[in-house]
Amino acid sequence: MSGTYLGMPAFPKAAHEAVHDATLRGNLRHATHTIRAKRAKAVAEVSDWDALREAGKRIKDHTLRHLDRYLVRLEESVTAAGGTVHWAADADEANRIVADLVKATGESEVVKVKSMATQEIGLNEALEAEGIRAYETDLAELIVQLGKDRPSHILVPAIHRNRGEIRDIFRKEMSEWGRPAPEGLTDTPAELAEAARLHLREKFLRAKVGISGANFMVAETGTLVVVESEGNGRMCLTLPETLISVVGIEKILPTWRDLEVFLQTLPRSSTAERMNPYTTMWTGTTDGDGPSTFHLVLLDNGRTDTLADEVGRQALRCIRCSACLNVCPVYERAGGHAYGSVYPGPIGAILSPQLRGVNSEIDASLPYASSLCGACYDVCPVAIDIPEVLVHLRERVVEGGQVTANGNKVVLKPAKGHAAERAAMRAARWAFSRPGALRAGQRLASRTRRLHPRSLPGPGKAWSGTRDLPTVPKEPFRDWWQRTNGGNDGKGAAK
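Worth saying up front: this structure is predicted, and the values here are computed from it rather than measured.

Draft legend 1. Structural context of the overall build of the chain. Helices and strands together make up the secondary structure of the chain, namely 23 helices and twelve strands. On the principal axes, the C-alpha backbone points of the chain span a range of 95 × 55 × 45 Å. For the chain, the proportion of its 495 residues judged to be buried stands at 50%. The contacts of the chain with a sequence gap of at least 6 include a subset with a gap of at least 24, amounting to 72%. On the chain, roughly 23800 Å² of surface is accessible, and the fraction owed to carbon and sulfur atoms is 52%. Put simply, the chain has 65 plus and 60 minus side-chain charges, and the middle of one group is 10 Å from the middle of the other.

What follows is the structure, given as C-alpha cells:
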C-alpha cells in the first residue's frame, strides 16, 4: 500500500481520542445498529444462506489457489473484447499508469466511481500532483472530499458525519468545486441529495474520462461488474469517452456462473437489499455504446505477499460488504479513522498489516484492535475467520517479523517493538518446562504477595490500565493439595 494516513498514531492512542468524541460515537452507534438490524432481516429471508456462504468461500479459495491462471485468462478476454490491460506492482506504478492515460487524452479532470483500490493507492492526490482534478461522485465520497476528510467506513464513508455537519460542508465547500449549494439549504435528506445531484450533474455531462474500481471481474468473459445504489456509477461508466478501471487482482472470479453467488450475498450483507438498485457490467468496448476506450489496471500492491501466507490469505476473499464493521464493538466506539487505513474495522485490522507489513507503529497495533469476540466471522458472507488471522498476525508481530514473498522464497523481515512480550513468553516457556523451577516460583510469589503491585509497569500498563492484576493465593495449588490430601491423588498413589 502507499502508506498510512499522514501523522496517524498507533491504534490505541487514536482510539483513546476517538472514544471521547460524543458526537462521533452517537453517529456510529445509530448508523451501525440500523444497518446491522436491516442486514439480519435481509439474510433471514434466504433459506440457503449458509450454503451460499460456503459456496462463496470455496469459489474464492479456488480462485486464489489458481490466481495466476485466471489472471492470464482475464487479460486475454479483456483484450479480445477491445480493452487494454496494464499490470501495476505497487501504488506508485498504478498511479503513474493512470496519470499517463489521462494526460494522453488531453483532459485535466475526471469523474470517479467509489473505489477502495484508488483510495488505497492515493490516486486522487497523485492525479492532483499531475494537474488533474478527480471528482468523487458517490454521495458519501463527495461529502468526504468536500470536507477535506477521510473515509471511515467501507460502505458508508461519511458515517461519522450527521446531517447538520453535511449541510454545513455543502454550504461552505461546494462553490469551490463547482455548482454551489442552493440558498437556504437545510439538513433534510431530500434537500441534501438534491444539492449533490445538481452539483454532480454538470460534471457527468462534461467529463471525458471516468475512473472506477470493480466489485468483480469475470475471467471467462473479461466482464467487470460494479454494484451501487445511487446511479452515479452508471453515469461514470457509460457517459465518458475513456474509462479506466483500477482493480485489485483478488477481485477476479473464474466464470460468469460464479457471479450468481455474490450477487445474492453482497447486497444483503452490505446494504441489506435483495439486489442492488444499479448493477453495471461491461466487457471491453462496443461501438456506439459506452466508452470508446477502456483500460484495466490490475493492482498487486501487497496482494501477492498476502497470498503467500497460508493463514492470512483468506483476507483476500473479502468482497467489501462491511458487515464486519457494523457488528464490531471496537469499531462502533473507535470509528474508522483510528485504523489509519482506507480499510477500517475488523477486515482492515487483518488486511492493512498484510498489504503494508507490520513494521510501522500503526500496522503493528492493528491486529490488537479487537476483542476477538468472533461477531465479524459470524456475519462474513465468505466466512473469513478474522479472529484466527488476528491471532496469527499478533504472533507475527510478537515474533518480530513480516512474511513477504521474494520470488519463490518466503523471507522474514524484522519488526520493531514487543521485546518485553517476547521475553515474557520465553521465560514462561522455560519455567513451564521445568517443574521444580515452576514450583519454586509459585511459592516465592505466594510468600511475597503483599508486595505485589496492582498494575504492571512500563508496556504492561496497556493491559492493566483498565483492570487489576489477579490476586496471588496464599499458597500454591500444589502445596494446598499436598497439605490437604497428603500427596494422595485419590487413587492410592502418592505424588
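Once you've had a look at it, read on.
Draft legend 2. Here's a closer look at the packing of aromatic side chains. Under the definition given, this model contains eight aromatic pairs. Ring centres of phenylalanine 477 and tryptophan 480 lie 5.7 Å apart, and the angle between their planes is 35°; this geometry places the pair in the tilted category. Of this pair, phenylalanine 477 and tryptophan 480 both sit in helix H23 (residues 477-485), three residues apart, roughly one helical turn. Given a relative accessible area of 58%, phenylalanine 477 falls into the exposed group. Accessibility expressed as a relative area gives 36% for tryptophan 480, which makes it partly exposed. In textbook terms, an aromatic cluster arises when at least three aromatic residues are bridged by ring pairs, as seen for Phe11, Tyr331 and Tyr339. A cation over an aromatic ring shows up here: lysine 60 above the ring of phenylalanine 262, its NZ or CZ 6.0 Å from the ring centre.

Draft legend 3. Representation of the sheet that holds strand S10 (residues 293-299). Across the sheet, six strands lie side by side as S1-S10-S7-S4-S2-S3; this open sheet has parallel pairing. On the outer flanks of this sheet lie strand S1 (84-88) and strand S3 (133-136), each paired with one strand and no other. Taking the axes of each pair of neighbouring strands and ignoring which way they run, one obtains an average angle of 25° across the sheet. Of the pairings in the sheet, the one linking strand S4 (residues 209-212) to strand S7 (residues 242-248) comprises four bridges and is parallel in character. Across the sheet, residue glycine 210 finds its bridge partner in S7, namely leucine 243. Sheet strands in contact with helix H5 (residues 91-105) are S1, strand S2 (109-112), S4, S7 and S10, and its direction is about 145° off that of S1.

Draft legend 4. How the structure looks around helix H8 (residues 139-146). A large share of H8 lies buried, amounting to seven of its eight residues. Those residues of H8 that sit buried are Ala140, Glu141, Leu142, Ile143, Val144, Gln145 and Leu146. On the buried face of H8, the contacting elements are helix H6 (116-120), helix H7 (123-129), S3, helix H9 (163-177) and helix H10 (189-206). N-capping of H8 is provided by aspartate 138, with a side-chain oxygen placed 3.1 Å from the backbone N of alanine 140. Directly beyond the C-terminal end of H8, a positive phi value near 50° is found at lysine 148.

Draft legend 5. Fine view of the sheet that holds strand S6 (residues 223-228). Reading across from one edge, S8-S5-S6-S9 is the order of the four strands in this open sheet, with mixed pairing throughout. Since the sheet does not close on itself, it has two edges, and those belong to strand S8 (252-253) and strand S9 (278-283), each with one partner. Here strand S5 (residues 216-218) pairs with S8 via two bridges, running parallel. Following the sheet pairing, valine 218 is matched in S8 by leucine 253. Along the sheet, helix H12 (residues 256-270) contacts S5, S6, S8 and S9; its crossing angle with S5, the most-contacted strand, is approximately 165°.

Draft legend 6. Helix H1 (residues 11-18), seen in detail. When H1 is considered as a whole, its buried residues turn out to be Phe11, Ala14, Ala15 and Ala18. For H1, the angular spread of the buried residues around the axis is 95°, confining them to a single face. Of the exposed residues in H1, those oriented more than 90 degrees away from the buried face are Pro12, Lys13, His16 and Glu17. Considering only its buried residues, H1 is in contact with helix H2 (22-44), helix H15 (329-334) and helix H17 (361-365).

Draft legend 7. Region of interest: the nonpolar core. Ranked by size, the top nonpolar core spans 104 residues in total, and within it Phe11, Phe170, Leu296 and Ile350 carry the most contacts. If near-sequence neighbours (up to four positions away) are discounted, phenylalanine 11 is found in contact with Val330, Ala334, Ala338, Tyr339, Ile362, Ser365, Leu366 and Ala369. Residues Ala88, Val102, Leu123 and Ala134 belong to the second largest nonpolar core, which totals 21 residues.

Draft legend 8. Here's a closer look at the confidence of the model for the chain. Of the residues in the chain, 93% reach a pLDDT of 70 or more, and the chain-wide mean stands at 90. In this model, residues 402-415 is a region of pLDDT below 50 whose contacts with residues beyond four sequence positions or in other chains number 32 contacts.

Draft legend 9. Region of the structure containing the UniProt feature "domain: LUD" (unreviewed entry) in the chain. Per the UniProt entry, the sites bearing "domain: LUD" (unreviewed entry) are residues 73-285 in this numbering. Split by type, residues 73-285 is 46% helix and 19% strand. Its first and last C-alpha atoms lie 18 Å apart.

Draft legend 10. Quick look at the pairing of S10. Where burial is concerned, most of S10 is hidden: six out of the seven residues are buried. Note that S7 and S10 share seven bridges and pair parallel. Directly across from threonine 242, in S10, lies its bridge partner threonine 293.

Draft legend 11. Molecular detail of the environment of leucine 24. Following the sequence through the fold, leucine 24 ends up in helix H2. Each C-alpha atom of the pair leucine 24 and arginine 333 lies 8.4 Å from the other, and the pair is 309 residues apart in sequence. Here leucine 24 is in contact with Ala18, His160 and Ala334, once residues within four sequence places are set aside.

Draft legend 12. A look at unusual backbone geometry. For asparagine 301, which is not a glycine, the phi torsion comes out positive at approximately 55°. Note on placement: asparagine 301 falls in the loop between S10 and helix H13 (303-307). Positive phi is not limited to glycine here, since alanine 383 has a value of about 55°. Counting through the fold element by element, alanine 383 comes out in the loop between helix H18 (375-379) and helix H19 (386-399).

The rules behind the values
Residues numbered from 1 in each chain as written. Predicted model: local features only at pLDDT ≥ 70, side-chain atom pairs only at ≥ 80, totals over all residues. Heavy atoms only, no water. Helix = DSSP H or I, 4+ residues; strand = E, 2+ residues; numbered from the N terminus. Buried < 20%, exposed > 50% of the residue type's maximum accessible area, 1.4 Å probe, protein only. Contact = heavy atoms within 4.5 Å. Areas by Shrake-Rupley, 256 points an atom, 1.4 Å probe, with all protein chains shown as cover. Lys, Arg positive; Asp, Glu negative; His and termini not counted. Charge placed at Lys NZ, Arg CZ, Asp CG, Glu CD. Phe/Tyr/Trp six-rings, centres within 6.5 Å; stacked < 30°, edge-to-face > 60°. Lys NZ or Arg CZ within 6 Å of the ring centre and 35° of its normal. Pairing = 2+ DSSP bridges. Axes fitted to C-alpha atoms, helices over the stretch in contact; angles between N-to-C directions. Polar contact = N/O pair within 3.5 Å; in protein donor to acceptor, adjacent residues only side chain to side chain. Arc of directions from axis to C-beta. Core = buried A, V, L, I, M, F, W, Y, C linked by side-chain atoms within 4.5 Å. pLDDT = per-residue confidence, 0-100. UniProt positions renumbered as here; feature names shortened; annotations may be inferred.

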